[in-house]
Amino acid sequence: MSRSIEVTMTGVIYELIDPRSGTCRYVGQTFAPEERRRSHLAKKPVYQNNTPLHRWKNDLCAEGLSPEFQVVEDSVPASEINDREKTWCRRRAHEGCDLLNRPSGRITKDDL
């Protein structure tokens, strides 16, 4: 008797929070939260080409600070993760957060 095991990949939606103001500056998605957190906290940029984001992180570093990595939604099915990221971008933008997400790929100017 053969059993079929269905594996559904899930990810998380996360935010980078400015520790000085407590406001969200970036919304992202990942299937490897711990690895992604480390990459965002690294001194040298990893996996990204987003100058405003890196400038903000460098400003924090100059003050001896780091962004706070906060998961806002977990267990998001892979098939829904892009839409959930956009939803969180819109939500934070409507709340007045000055997001540093770079409009490209999954995120558009309308999402910010």
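Nothing here was measured: the structure is a model prediction, and the numbers come from that model.

Peer 1: Would you mind going over the overall build of the chain with me for this structure?
Peer 2: The secondary structure content of the chain amounts to 3 helices and 3 strands. If you list the helices and strands of the chain from N to C, you get β-β-α-α-β-α. Expressed as a percentage of its 112 residues, the buried residues of the chain come to 36%. For the chain, contacts bridging at least 24 residues in sequence account for 58% of all contacts bridging at least 6.

Peer 1: Just checking my understanding: could you explain the packing of aromatic side chains for this structure?
Peer 2: Given two aromatic rings, one states the distance between the centres and the angle between the planes to describe the pair. For the coordinates displayed, the defined rule picks out 2 aromatic pairs. With a centroid separation of 6.2 Å and 40° between ring planes, the pair formed by Tyr14 and Tyr26 is classed as tilted. Placement of Tyr14 in strand E1 (residues 10-17) and of Tyr26 in strand E2 (residues 24-30) is noted, with a sequence separation of 12 residues between them. Note on Tyr14 and Phe69: the rings are 4.6 Å apart at their centroids and 20° apart in plane angle, and the pair reads as stacked. Of the two residues, Tyr14 sits in strand E1 while Phe69 sits in strand E3 (residues 68-77), which places them 55 residues apart along the sequence. Residue classification places Tyr14 among the buried residues on the basis of a relative accessible area of 0%.

Conventions we followed
- Along each chain, residues carry numbers from 1 onward, in the same order as the chain's sequence is written.
- For a predicted model such as this one, the threshold for reporting local features is a pLDDT of at least 70, and the threshold for listing and counting side-chain atom pairs is 80 or more; totals across whole chains, interfaces and linings nevertheless cover every residue.
- For side-chain calculations, the full set of non-hydrogen atoms in the structure is used, while hydrogens and water are omitted.
- A helix here means a DSSP run of H or I that spans at least four residues, while a strand means a run of E at least two residues long, and both kinds are numbered starting from the N terminus.
- Exposure categories follow from relative accessible area, calculated using a 1.4 Å probe and restricted to protein chains: below 20% of the type maximum is buried, above 50% is exposed, and the middle band is partly exposed.
- We call two residues in contact when some of their heavy atoms are within 4.5 Å.
- We call Phe, Tyr and Trp rings a pair once their centres come within 6.5 Å, taking the six-membered ring for Trp, and we label the pair stacked below 30 degrees between planes, edge-to-face above 60, and tilted otherwise.

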